[in-house]
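Below, each chain spelled out in residue letters.
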Amino acid sequence: MQPEGWGFESPPLHQFYERWSREGIPSRLSNILYYVMRLDKFLKESGIIKRRTMAQELIEKGLILLNGRETKPSARVKVGDEIKVYLPGRALLFRVMALRGKDRVVFLGELGE
């Protein structure tokens, strides 16, 4: 219920949920509700790769896979995704645990490839 004198009434929240279930969540809200981050930025901020430009180059060369697929640097990373990083002489596997904070990724191991 709005205080008197505001000059408008907000629609009930269930109307928004019904519309979003039909049309999808607006993009400006989806980043808030389901927080996502660009792959190249995530690799840099999590400390897997030291520089964002280096992360972009590795992704474009196909040396970093997101959920087993080649992708672009602008691909969206979300919690639960797996990232494979192919470096000279070894391949590393990480799982995204959070997009903010200290413990963003967990190292799952070195792949025998």
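In what follows, the structure referred to is the one given above.
Residues numbered from 1 in each chain as written. Predicted model: local features only at pLDDT ≥ 70, side-chain atom pairs only at ≥ 80, totals over all residues. Heavy atoms only, no water.

**Q** Account for the pattern of salt bridges, naming residues and giving values.
**A** Oppositely charged side chains are able to pair whenever their charged atoms sit close together. Per the stated rule, a full pass over the model turns up five salt bridges. Taking the shortest distance from any N to any O, the salt bridge between Asp-40 and Arg-52 comes out at 3.3 Å. Of this pair, Asp-40 sits in helix H3 (residues 39–46) while Arg-52 is found in helix H4 (residues 52–60), placing the two residues twelve residues apart along the sequence. Relative accessible area serves as the criterion here: at 32%, Arg-52 is assigned to the partly exposed category. With a shortest N-O distance of 3.9 Å, Glu-45 and Lys-41 are connected by a salt bridge. Separated by four residues within a single helix, Glu-45 and Lys-41 lie in helix H3, roughly one turn from each other. Owing to a relative accessible area of 33%, Lys-41 belongs among the partly exposed residues under this scheme. In the salt-bridge network here, residues are joined through shared partners; they are Arg-38, Asp-40 and Arg-52. (Salt bridge = Lys/Arg side-chain N within 4 Å of Asp/Glu carboxyl O. Helix = DSSP H or I, 4+ residues; strand = E, 2+ residues; numbered from the N terminus. Buried < 20%, exposed > 50% of the residue type's maximum accessible area, 1.4 Å probe, protein only.)

**Q** I'd like a rundown of the sheet that holds strand E5 (residues 90–96), residues and numbers included.
**A** Hydrogen bonding along the main chain pairs the strands of a sheet, whether they run parallel or antiparallel. Strand order in this open sheet of four strands is E2-E4-E5-E6, and the pairing throughout is antiparallel. With one partner strand each, in any of the chains shown, strand E2 (64–66) and strand E6 (105–111) form the two edges of the open sheet. Adjacent strand axes in the sheet meet at a mean angle of 20 degrees when their direction is disregarded. Bridge count for strand E4 (residues 82–87) against E5 is six bridges, and the pairing is antiparallel. Residue pairing across strands places Glu-82 opposite Arg-95, the latter belonging to E5. (Pairing = 2+ DSSP bridges. Axes fitted to C-alpha atoms, helices over the stretch in contact; angles between N-to-C directions.)

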